[in-house]
Amino acid sequence: MTISPLSKNKAFDGWHYQFTHQSSTTNCTMRFALYLPPQASDINKVPVLYWLSGLTCTDENFMQKAGALKMAAELGVAIVAPDTSPRGEDVPDDENGDYDFGLGAGFYVNATQPPWQKNYQMYDYVVTELPTLIEQHFPVTDKRAISGHSMGGHGALMIALKNPERFCSVSAFSPICNPVNAPWGKKAFAHYLGSNESTWQEYDASVLMAKAQQKIPALVHQGSDDNFLAEQLMPAALAKAAESSAYPLHYVQVDGYDHSYYFISSFIGQHLSFHAQHLL
């Protein structure tokens, strides 16, 4: 697989890059961001944290707003941030232009329904194609952690629960915990996966956690003043699932915080330290 550079900026003695490549999974050009800490070299490969962003975001939001690069440089951990969906003139979008479906809202599933199935294969892209590309081109190991926010928190938890052998740890900020019962999830899953709701459960973190056999450490932060908390995020379902399966989930609700990157930047250090315990 070949990649094409878009940008390169030095940060905390490491390097932040943006690249594009032609994806055989999503059948379009994909973009991703990469932060390589100063420790990374051909003789000193570093582990990777994959970050999955939320609705309407791109690869840029986390890298520019989360304030994660300084600690990543100190810890010696690379960060990879893919886009949130396939993009391009030939990639179908929501016919009404709604923000919660289509471009920018891939929900990290493998679509099975037309016209979405040709491009919206974000699950396979994040689980297989992107890590293969990263490990082929850059001085990183195959030790991986995964994290995300909102829709990306759903993606991180779901992907880790389905692939515990591929990730050392998982964390999330304000995740959509029970998408089969949330309006955002119902809309996306009905379009991408069809009307058979039993297939939706394969991508629901709460459903997966309740029946998990192989377990990895998990951390979730949720703000009490998040305006999506009750209707869309449903963390109680995840907590109940963790309790029923004795899953090692550390769930933290913090007073006064909302759904924004102000929240993420306030606690990203705790998440990076958490992952470093298992990656390094």
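Residues numbered from 1 in each chain as written. Predicted model: local features only at pLDDT ≥ 70, side-chain atom pairs only at ≥ 80, totals over all residues. Heavy atoms only, no water.

Draft legend 1. Geometry of the pairing of strand S3 (residues 28-36). With 7 of its 9 residues buried, S3 lies for the most part within the structure. Two strands pair when backbone bridges link them, and strand S2 (residues 14-23) and S3 are joined in this way by 9 bridges, in the antiparallel orientation. Looking across to S3, one finds that Trp-15 is bridged to Leu-36. As consecutive antiparallel partners, S2 and S3 are separated by 4 residues, and within that stretch Asn-27 has a phi angle of approximately 55°, a positive value. (Buried < 20%, exposed > 50% of the residue type's maximum accessible area, 1.4 Å probe, protein only. Helix = DSSP H or I, 4+ residues; strand = E, 2+ residues; numbered from the N terminus. Pairing = 2+ DSSP bridges.)

Draft legend 2. Spotlight on the sheet that holds strand S1 (residues 4-11). The strand order across the open sheet formed by 9 strands is S1-S2-S3-S5-S4-S6-S7-S8-S9, and the pairing between neighbours is mixed. Lying at the two open borders of the sheet, with one neighbouring strand each, are S1 and strand S9 (249-254). The average undirected angle you get between the axes of adjacent strands in this sheet is 20°. Across 7 bridges, the pairing between S1 and S2 is antiparallel. Its bridge partner lying in S2, Pro-5 is registered against Phe-19. (Axes fitted to C-alpha atoms, helices over the stretch in contact; angles between N-to-C directions.)

Draft legend 3. Quick peek at the packing of aromatic side chains. Tallying each qualifying case throughout the model produces 19 aromatic pairs. Ring geometry for Trp-51 against Phe-62: centres 4.1 Å apart, planes inclined by 20°, an arrangement best described as stacked. One end of the pair, Trp-51, is in strand S4 (residues 46-52); the other, Phe-62, is in helix H1 (residues 60-65), with 11 residues separating them in the sequence. As far as the burial class goes, Trp-51 and Phe-62 line up, both buried. Aromatic rings pair up to connect Trp-51, Phe-62, Phe-173, Tyr-257, Phe-263 and Phe-267 into one cluster. Above the ring of Trp-15, the side-chain terminus of Lys-8 is found at 4.5 Å from the ring centroid. Against the face of Tyr-203 rests Lys-162, its NZ or CZ located 5.4 Å from the ring centre. (Phe/Tyr/Trp six-rings, centres within 6.5 Å; stacked < 30°, edge-to-face > 60°. Lys NZ or Arg CZ within 6 Å of the ring centre and 35° of its normal.)

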